[in-house]
Each structure stands twice: as C-alpha cells, then as structure tokens.
Amino acid sequence: MKLSHFNFNLPKELLAEFPAENRDESRLMVIDRQKNTIEHKMFKDVINYFDDGDVLILNNTKVFPARLYGNKEKTGARIEVFLLRELNSEQRLWDVLVDPARKIRIGNKLYFGDDDSLVAEVIDNTTSRGRTLRFLYDGSYEEFRNKLTELGETPIPKYINRDVTPEDAERYQTIYAKEEGAVAAPTAGLHFSKHLLKKLEIKGVNFAEVTLHVGLGTFNPVEVEDLSKHKMDSEELIIRQEACDVVNEAKAKKKRICAVGTTSMRAIESSVSSANTLNPYEGWTNKFIFPPHDFSIANCMITNFHTPKSTLLMMISAFCGHDLMKKAYEEAIKEGYKFYSYGDAMLIL
C-alpha cells in the first residue's frame with residue numbers, strides 16, 4: 001500500500017466545527033466486515049451491538065489546556081506556545097511548539113498573563129517549530145501547574161476555524177477522562193454519554209481502561225509514499241494488569257472486544273504477548289499500524305471519520321479492509337457524515 005491509496009476529496013463543509021448537541025446523538029455508521037454491509041444509525045444505538053461479557057477498551061487520558069498565548073520580550077509580539085510534554089518537573093522544563101517560530105530564538109523570554117506572572121525562557125531548539133522552554137514562576141509546583149491551567153486554552157485542532165468556547169473545555173474531553181497528559185482528545189470516546197455508559201454497564205458490558213497520552217503526532221500527515229518509512233512520534237502508554245485481566249478473560253470466552261478509538265487500538269497492539277493476549281505495559285509506543293496488519297486483541301472498533309493521508313485512516317484500512325473502507329467513506333461523504341474530531345462515528349464489526 002502506498003500513500004496515494006489514502007487520498008480522497010473531502011468537502012470542507014464536512015469538517016465538524018462543533019460537536020453534536022448531545023454526545024450520543026451523533027450519527028453512527030455500522031460496518032459489518034463479514035456481511036460486507038453498511039448501515040446508518042445513531043450513536044446511542046451502539047448498545048444493540050454489545051452483550052453481557054463483551055468489553056469496551058477505553059483510553060482514559062485527559063486533555064490539558066495546552067495552548068498558551070504569550071508576548072515576546074522587547075517587541076511584545078504575540079506568540080502561541082503549544083505545550084507538548086513536561087520534560088522535568090523540578091526545573092519546569094517543557095517541550096513545546098511555538099508559532100510564529102522564526103521569531104523565537106534561544107535566550108528569548110516570553111511573558112504570559114495580564115500581569116506577566118509567568119515567564120518562560122527558550123533554552124533549546126528541537127525542530128523547526130519545536131523549542132524547549134524553562135518556565136520561571138514564583139510559587140510551588142502545584143501553583144505553577146494551576147497557573148498553566150488558568151492561562152491555557154483547550155487545544156481544539158487547528159482545522160476548527162473559530163475561537164475556543166467555554167463549552168470546548170467540557171466537550172473536547174471524554175466523560176471518563178482521568179489521567180492528565182494528552183494534547184488531543186481520543187475522539188471516538190467523545191460520543192459516550194454518562195447515560196449510555198450506564199446502560200452498557202447494566203447490560204453486562206465490561207470496561208477496560210488504558211492510558212495513551214495522545215500527542216500532536218496523531219495529526220501529522222504522512223509525507224512518504226512508502227508507508228514503511230514513516231516514523232510515528234512516541235506517546236506515553238500505561239496498561240495495568242486489571243485491564244489485561246478483563247480483556248484476556250473476554251478473549252478466552254470469545255466475546256466481543258471493542259477498541260474505542262485508534263488510540264486504544266494502538267495501545268493494545270503495542271503490548272501483545274506471544275500467546276496473543278494483552279500484557280501490562282508502562283513506557284512509550286511509536287507503533288504505526290498500516291495494511292497489512294494482523295490484529296491480536298480487538299475484534300471490533302469504534303472510530304471517527306478521518307482525514308486524507310492520515311495514519312488514522314491507514315489503521316482503519318488495515319482493520320476494515322481497504323476496499324470496504326473506501327466504499328464506507330464514499331457513502332459517508334454522499335450522506336453528509338461529519339469528519340474529524342467533533343464529527344460522527346463508525347462501528348466496525
């Protein structure tokens with residue numbers, strides 16, 4: 001498979017600017033790989049496809065308000081600083097992206113907040129837009145983190161051409177988000193309401209939580225025609241023993257095991273034992289899943305509709321089968337499904 005196999009024309013108006021009014025009332029396309037069928041449902045109908053003992057694998061990462069705006073010393077130029085990850089909590093070192101980058105050099109200082117109470121010094125260049133910053137703040141670590149949260153904005157994706165609203169802080173976050181560390185939401189999970197999760201639980205469906213802190217690499221388009229040459233960014237991954245027990249028991253009983261989102265799928269595929277069971281894991285993963293790929297754990301998945309040439313689309317092709325996926329995407333465009341982070345969902349059986 002080549003990069004060009006993953007290009008398609010996506011009408012601009014199908015990129016969702018806002019989420020559905022209610023989480024579980026987005027649309028749901030249901031694809032059955034065995035029967036080669038495509039059905040159109042509402043997301044809350046997902047409950048009809050799961051029974052007692054089935055498992056949903058959820059990524060419980062929590063998005064933090066990663067986008068800050070500061071002013072450069074002397075010139076006062078407005079600079080966007082996107083926090084990627086904390087490198088050292090004692091020294092308050094962070095890996096960030098800056099925009100516009102050409103103005104930001106080693107030794108520059110940036111000031112944040114109306115009172116300039118937070119200052120950052122550029123101490124290294126990492127990539128063309130990447131910098132290492134040392135934050136200077138008069139207060140404890142906890143107060144410093146609170147300050148970042150207070151000054152930061154919900155990091156909704158760049159393609160959304162509007163200002164962040166207070167609603168985004170709630171809606172660009174799954175309701176089961178627990179472990180802070182993501183700069184992008186695991187978007188398939190955004191469709192679950194408290195009510196729907198409760199109904200699934202009452203039906204006897206089990207949940208296994210994994211933590212994969214989604215980085216910006218998720219959005220990086222692939223730029224090499226030969227997919228095997230693409231390098232994924234590493235992301236932090238934690239899979240606990242209790243999640244493995246839930247998943248492996250369901251696997252032994254031949255139950256339905258559903259990865260909720262590409263991040264959950266990447267998480268579990270990063271930690272498979274030689275007996276094709278799920279192993280605990282704590283570390284980093286840069287797993288890139290593209291066709292052909294044998295999936296070891298999940299036998300179904302929920303995902304959003306992805307953009308052309310994205311690594312996410314390649315994973316869906318590997319799981320769904322390329323021709324069936326193409327057919328599904330053609331139908332999604334024809335039927336006006338919404339794409340990307342705030343868009344509609346797909347259940348692949």
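Residues numbered from 1 in each chain as written. Predicted model: local features only at pLDDT ≥ 70, side-chain atom pairs only at ≥ 80, totals over all residues. Heavy atoms only, no water.

Visitor: I tried to follow the overall build of the chain on my own but got confused; where do I start?
Guide: Within the chain, the regular secondary structure consists of 7 helices and 17 strands. Expected size for 349 residues packed as a compact globule is a radius of gyration near 20 Å; at 21 Å, the chain falls within 12% of this value. If one aligns the C-alpha atoms of the chain with their principal axes, the spans along those axes are about 65 × 45 × 40 Å. Burial status across the chain gives 53% buried among its 349 residues. In the chain, the proportion of contacts linking residues at least 24 apart, taken out of those at least 6 apart, comes to 71%. If you sum the accessible surface of the chain, you get close to 16200 Å²; carbon and sulfur atoms cover 45% of it. (Helix = DSSP H or I, 4+ residues; strand = E, 2+ residues; numbered from the N terminus. Rg over C-alpha atoms; globule rule 2.2 N^0.38 Å. Buried < 20%, exposed > 50% of the residue type's maximum accessible area, 1.4 Å probe, protein only. Contact = heavy atoms within 4.5 Å. Areas by Shrake-Rupley, 256 points an atom, 1.4 Å probe, with all protein chains shown as cover.)

Visitor: Looking at this model, I keep getting lost on the environment of K62. Mind explaining?
Guide: Its place among the elements puts K62 in strand 4 (residues 61–63). Looking at K62, the relative accessible area reads 31%, which means it is partly exposed. It is 8.7 Å that separates the C-alpha atoms of K62 and A184, two residues lying 122 residues apart in sequence. What K62 contacts, discounting residues up to four positions off in sequence, is Q173, A177, K178, E179, E180, G181 and A182.

Visitor: Help me out: how do you make sense of the nonpolar core in this one?
Guide: What tends to happen in soluble globular proteins is that the nonpolar side chains get buried as a cluster. Counting 65 residues, the largest nonpolar core has M29, I31, M265, F339 and M346 as the members making the most contacts within it. The leading source of residues in this core is helix 6 (residues 311–320), at 7 residues. Judged by nonpolar contacts, the second largest core, of 24 residues, contains A77, I79, L97 and L133. (Core = buried A, V, L, I, M, F, W, Y, C linked by side-chain atoms within 4.5 Å.)

Visitor: Would you mind going over the side chain of D168 with me for this structure?
Guide: Within the secondary structure, D168 sits in helix 2 (residues 166–171). At a separation of 2.8 Å, a polar atom in the side chain of D168 contacts the main-chain amide nitrogen of T165. When residues no more than four places from it in sequence are discounted, the contact partners of D168 are T154, I156, R162, D163 and Y342. (Polar contact = N/O pair within 3.5 Å; in protein donor to acceptor, adjacent residues only side chain to side chain.)

Visitor: Explanation requested: helix 7 (residues 322–334) in the structure shown.
Guide: Taking 1.5 Å per residue as the helical rise, helix 7 with its 13 residues ought to reach 18 Å, and the 18 Å between its terminal C-alpha atoms agrees with that figure. Buried within helix 7 we find H322, L324, M325, A328, Y329 and A332. What you see down the axis of helix 7 is that its buried residues fit within an arc of 160°, all on one side. In this structure, helix 7 carries D323, E330 and K334 as exposed residues pointing more than 90 degrees from its buried face. (Expected span 1.5 Å × (residues − 1). Arc of directions from axis to C-beta.)

Visitor: Any chance you could explain the sheet that holds strand 9 (residues 118–125) here in plain terms?
Guide: Two strands in a sheet stick together by hydrogen bonds in their backbones, pointing the same way (parallel) or opposite ways (antiparallel). Strand order around the closed barrel formed by 6 strands is 5-6-7-10-9-8, with antiparallel pairing between neighbours. Within the sheet, the average angular offset between the axes of one strand and its neighbour, ignoring direction, is 45°. Of the pairings in the sheet, the one linking strand 8 (residues 109–112) to strand 9 comprises 4 bridges and is antiparallel in character. Pairing of F112 across the sheet is with L118, part of strand 9. Along the sheet, helix 1 (residues 141–151) contacts strand 5 (67–72), strand 6 (78–88), strand 7 (93–99), strand 8, strand 9 and strand 10 (130–136); its crossing angle with strand 9, the most-contacted strand, is approximately 90°. (Pairing = 2+ DSSP bridges. Axes fitted to C-alpha atoms, helices over the stretch in contact; angles between N-to-C directions.)

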